[in-house]
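These are the residues of each chain, in order.
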Amino acid sequence: MALQDLCGFKDSFLNSRWNFPASHRMAQEDTSMLFGKRTRDISSRGLSWSNSESPLHLYIPAAEYLSESPIQFGQINPNTAPYHITPLHQDSTLPFLSFPPGFPPSSSPSVPLPFPMSHGTTTLAFMFQGGVIAAADTRSSCNGLVACPASQKILPVHSHLVGTTSGTSADCALWKRILARELRLYQLRHGRRLSTAGAAKLLAHMLHPFKGTELCVAATLCGWDGGEVETCPLDRLYYVCSDGTRLQGALFSVGSGSPYAYSVLDGGVRWGLTVEEAISLAREAVYRATHRDAYSGNCVDVYHITSHGWTRRDREELREERLWRKVGQNLVLNLHLSCFL
Amino acid sequence: MEYLIGIQGQDFVLVAADNVAAHSIVKMKQDQDKMFKLSDKILLLCVGEAGDTVQFAEYIQKNIQLYKMRNGYELSPTAAANFTRKNLADYLRSRTPYHVNLLLAGFDETDGPGLYYMDHLSALAKAPFAAHGHGAYLTLSILDRYYRPDLTRDEAVDLLKKCIEELNHRFILNLPSFSVRLIDKDGTHDLEKLIPVGSK
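Under an unreviewed UniProt entry, the name given to chain B is Proteasome subunit beta, and the organism recorded is Oncorhynchus tshawytscha.

Per an unreviewed UniProt entry, chain A goes by the name proteasome endopeptidase complex and belongs to Oncorhynchus tshawytscha. UniProt lists a comment for chain A under the heading Function (unreviewed entry), and it reads "The proteasome is a multicatalytic proteinase complex which is characterized by its ability to cleave peptides with Arg, Phe, Tyr, Leu, and Glu adjacent to the leaving group at neutral or slightly basic pH. The proteasome has an ATP-dependent proteolytic activity. This subunit is involved in antigen processing to generate class I binding peptides." According to the UniProt record, the Subcellular location (unreviewed entry) comment for chain A is "Nucleus".

Here is the structure:
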C-alpha cells in the first residue's frame, strides 16, 4: 500500500460529485477536478492524484536515456523486462498530474494562432491475421514549407502498443508520453498491462477537457493484448481524436493524405494477407498518398505489432522508390517497343 | 448526416439508427452502434458532435447504473429521460455544452412503452414517433401519414422500412445500413440490420 499512500489515493466511492453539474465544480483547491470542466470520477479506474497544488510536473529523463536513440527504446529485447520506459531518477517522487487554477484554458483563445494548423500527414493502420501494421510518412509541414523531412510519426508507447500521430506534432508527442506514463502507472498498480481499448479510453478521456481549444491530436493506437494465444477479441486498433472521438475498427487512415491511402487500402486489405503482402500494401498506400498530397512525403515508416511486441522496418526513401518504378516502367516500355520492331 | 428514428406501439418501442461514423468526407467506420443500453429496458440513441455523443451517453449510462447500485432498483424511463435532460440543460449554459440529439426509448412496468425526444437545447418531449437528423425532414411526413397508436410489431417494422427506403431514394448521403432494436416487456431485442437495396 506504500505506493498508494505516496500517490494520495482517495477512496473514490466517497466522492459524491458524480451527479453535480459542471458549474458547481469550479472549486480550484480540489485537484480531483483534475481534468477541467467536465470531471468524470476517474479515480475508480485506478488513477489517483495527490492533493498537492504544485504546477504541472513533468518527468525529465536522465541524461543516459537521452543518449539512447529514441527509435530504439521499447524495441523487443528478450533480456529486459516487457515494459521499459525509463529508469526512475532516485530523487524524483512519482510524478503526478495537477493543474493550476484556470488550466486548461477556456474555449476562446486569447492568443491567435500564428498559422492555420491541419493534419498534414498520411498515417494508416490495419489489422490482419498476422497482427497489426502501422505506417506513416515522415514529412512535418508548417504552412507550406517542410519543417522536417525526417520526423517520426509513429511513436511507440510501450512494448506492445504503438501510436500513429497526426495533427500538431508537439501535442501528439506530449500526449503520447503522458499516455505512456499513465499506462506504466497502471501496470505498476494493477500488475497487468492495460488493454488497447483501455488505453484508447484513457487517452480519449484525458483529451476531452481540451475540446474546443487548439489542441489537435488524431492518433490510432495499435496494440496487442494478452499473450501468445489470442485471449481477447480482435480489439487491437483504435482511432482517438482530440475532439473526443474514439472508434474501434480494422482499418484507419488519418491525415490530409488519408483519402488517397484509403482508396489503395480498401482495394487490398483482407484478413488473410501474409506479412510481406501487408507490409508492401501499407508502403504502397503511403507511397500513393505522398505522390498526390503535398503535405505528405519523404520517407515511409512501417511498424508491425505481434504478440511478441512491435518491430520496425528500416525507414525507406520514397524518392528512390519513385525512381526505381520509373526506371522499371521505361525498361518495360523499351522491351515492348523492341518486341514490335 | 446521421439518422435516428423511434416508433412507439401499443406495448413496444421500435428504434433504429444508422451505422456510419464519418469525418468530413470519409466514412471512418460503417458498423458504429449509436444505441447505448441504460438498463434492460431503456435505450439511449445519441447523435451529434463527434466526441460529445459518446462522452455524454456513457456519462448518462454510468450514472443510471450507479443509481441502480446505490438504491437497488432501476430508474424508470421517464425518470431517466428527465435526468438526461437535466444534465443537458445544466451544461447548456456552461462553457462546454454538449451538442447532442437524443432519443430515449424504454418500457415501464406501470406506464408501458415510452419514447422521449431530446435535442441539443435540452428540450424534452414524449412522442409517439420521432426522428433526428437531416433524414427526419424526409421521413416525418411518412410517419405522420401512416402511424397509428395500435400498430403491431410487423406493421411498425414495415413503416420503418418505408422511411428508410425514402431516405435511400431522396437523401443525398448514402446510409448503407441501420441497426434496429425493439423494447418490450421482455427487454431489448436486436432485430436484423436493415440494408436498403440499390436506389429506385
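Participant: I would appreciate a short explanation of the side chain of D171(A) in the present structure.
Facilitator: With respect to the helices, strands and loops of the structure, D171(A) is situated in helix α3 (residues 169–190). It is K176(A) that comes nearest to the buried, bridge-free D171(A) among opposite-charge side chains, at 12 Å.

Participant: How do you make sense of the side chain of T122(A) when you look at a structure like this?
Facilitator: Residues and elements named next belong to chain A. Of note, T122 is situated in the loop between α2 (63–67) and β1 (123–128). On the accessibility criterion, T122 (0% relative accessible area) is buried. Among all residues touching T122, those that are not within four sequence positions of it are A135, A136, D137, V254, G257, A261, A289, D293 and S296.

Participant: I would appreciate a short explanation of the sheet that holds strand β8 (residues 237–241) of chain A in the present structure.
Facilitator: Strand pairing in a sheet is mediated by backbone hydrogen bonds. Such pairs are either parallel or antiparallel. Residues and elements named next belong to chain A. Spatially, five strands are ordered β5-β6-β7-β8-β9 in an open sheet, and the strand pairing comes out antiparallel. A strand with exactly one partner marks an edge of an open sheet, and here the two such strands are β5 (154–158) and β9 (246–248). Mean inter-strand twist for the sheet, computed between neighbouring axes without regard to direction, equals 20°. Here strand β7 (residues 218–223) runs beside β8; their pairing, made up of five bridges, is antiparallel.

Participant: Help me understand the pairing of β1(A) in this model?
Facilitator: A regular strand carries its side chains on alternate faces of the sheet. Residue and element names in this part refer to chain A. A large share of β1 lies buried, amounting to six of its six residues. Alternating positions in β1 separate into two faces, T123, A125 and M127 on one and L124, F126 and F128 on the other, with burial throughout. Where β1 and strand β10 (residues 251–254) come together, four bridges link them in antiparallel fashion. Of the residues in β10, the one forming a bridge with T123 is V254. With six bridges joining them, β1 and strand β2 (residues 131–137) adopt antiparallel strand pairing. What sits directly across from L124, in β2, is A135. Counted between consecutive antiparallel strands, the loop separating β1 from β2 contains two residues.

Participant: In this structure, what is going on with the environment of D31(B)? I would like to understand it.
Facilitator: All names here are of chain B. Its location among the elements puts D31 in the loop between β4 (26–29) and β5 (35–39). Taking the C-alpha atoms as reference points, D31 and F178, separated by 147 residues in sequence, lie 8.9 Å from one another. Other than its neighbours up to four places away in sequence, D31 contacts N19 and K193. One polar contact links D31 to K29, side chain to side chain, over a distance of 3.3 Å.

Participant: Just to check I follow, could you spell out the pattern of salt bridges for this structure?
Facilitator: Side chains that differ in charge, positive against negative, can pair when their charged atoms come close. Going through the model one piece at a time under the given rule, you end up with 23 salt bridges over all chains. Among the charged side chains, a network of salt bridges with common partners joins K201(A), R246(A) and E58(B).

Participant: Help me understand the packing of α3(A) against helix α4 (residues 196–207) of chain A, please; the structure alone is not making it clear to me.
Facilitator: Packed helix pairs are specified by the crossing angle of their axes together with the interaxial distance, meaning the distance between the axes. Residues and elements named next belong to chain A. The interhelical angle for the contact between α3 and α4, taken along N-to-C directions, is 125°, at an axis separation of 11 Å. Here α3 lies oblique to α4, going by the angle between them. Judged by the twist between their axes, the crossing of α3 over α4 is right-handed. Residues W175, I178, L179, E182 and L183 of α3 form the contact with α4, whose participating residues are A199, L202, L203, M206 and L207.

Participant: Sorry, what's going on with the pairing of β7(A) here?
Facilitator: Residue and element names in this part refer to chain A. Counting buried residues along β7, six of its six residues qualify, which places the element largely inside the surrounding structure. Of the two faces of β7, the one holding A218, T220 and C222 and the one holding A219, L221 and G223 are both buried throughout. Of the strand pairs in this sheet, strand β6 (residues 161–164) and β7 are connected by four bridges, and their pairing is antiparallel. Bridge pairing links G163 to L221 in β7.

Participant: Sorry, what's going on with the packing of aromatic side chains here?
Facilitator: A ring pair, where both rings are aromatic, is described by two values, the distance of the centres and the angle of the planes. On inspection of all chains with the given rule, the structure shows nine aromatic pairs over all chains. With centroids separated by 4.9 Å and ring planes inclined at 75°, the aromatic side chains of Y91(B) and Y98(B) adopt a geometry described as edge-to-face. Y98(B) sits in the buried class, given a relative accessible area of 2%. Connected via pairs of aromatic rings, a cluster forms that spans F56(B), Y91(B) and Y98(B). The cationic tip of R236(A) hangs over the ring face of W224(A); the distance from NZ or CZ to the ring centre is 4.1 Å.

Participant: Hey, could you run me through the packing of helix α5 (residues 258–268) of chain A against helix α6 (residues 275–292) of chain A in this one?
Facilitator: Residues and elements named next belong to chain A. It is at 8 Å that the axes of α5 and α6 come closest, and there the two elements cross at 150°. Here α5 lies roughly antiparallel to α6, going by the angle between them. By crossing handedness, the relation of α5 to α6 is classed as right-handed. Along the contact surface, α5 presents Y260, A261, V264, L265 and G268, while α6 presents L281, E284, A285, R288, A289 and R292. For the contact of α5 with α6, the per-class residue count stands at seven nonpolar, one polar and three charged.

Calculation rules
- Residues numbered from 1 in each chain as written.
- Chains lettered and ligands numbered in written order.
- Predicted model: local features only at pLDDT ≥ 70, side-chain atom pairs only at ≥ 80, totals over all residues.
- Heavy atoms only, no water.
- UniProt positions renumbered as here; feature names shortened; annotations may be inferred.
- Helix = DSSP H or I, 4+ residues; strand = E, 2+ residues; numbered from the N terminus.
- Buried < 20%, exposed > 50% of the residue type's maximum accessible area, 1.4 Å probe, protein only.
- Lys, Arg positive; Asp, Glu negative; His and termini not counted.
- Salt bridge = Lys/Arg side-chain N within 4 Å of Asp/Glu carboxyl O.
- Contact = heavy atoms within 4.5 Å.
- Pairing = 2+ DSSP bridges.
- Axes fitted to C-alpha atoms, helices over the stretch in contact; angles between N-to-C directions.
- Polar contact = N/O pair within 3.5 Å; in protein donor to acceptor, adjacent residues only side chain to side chain.
- Parallel < 35°, antiparallel > 145°, perpendicular 65-115°, else oblique.
- Left-handed = near helix turned anticlockwise from the far one by under 90°.
- Phe/Tyr/Trp six-rings, centres within 6.5 Å; stacked < 30°, edge-to-face > 60°.
- Lys NZ or Arg CZ within 6 Å of the ring centre and 35° of its normal.
- Nonpolar A, V, L, I, M, F, W, Y, C, P; charged D, E, K, R; others polar.

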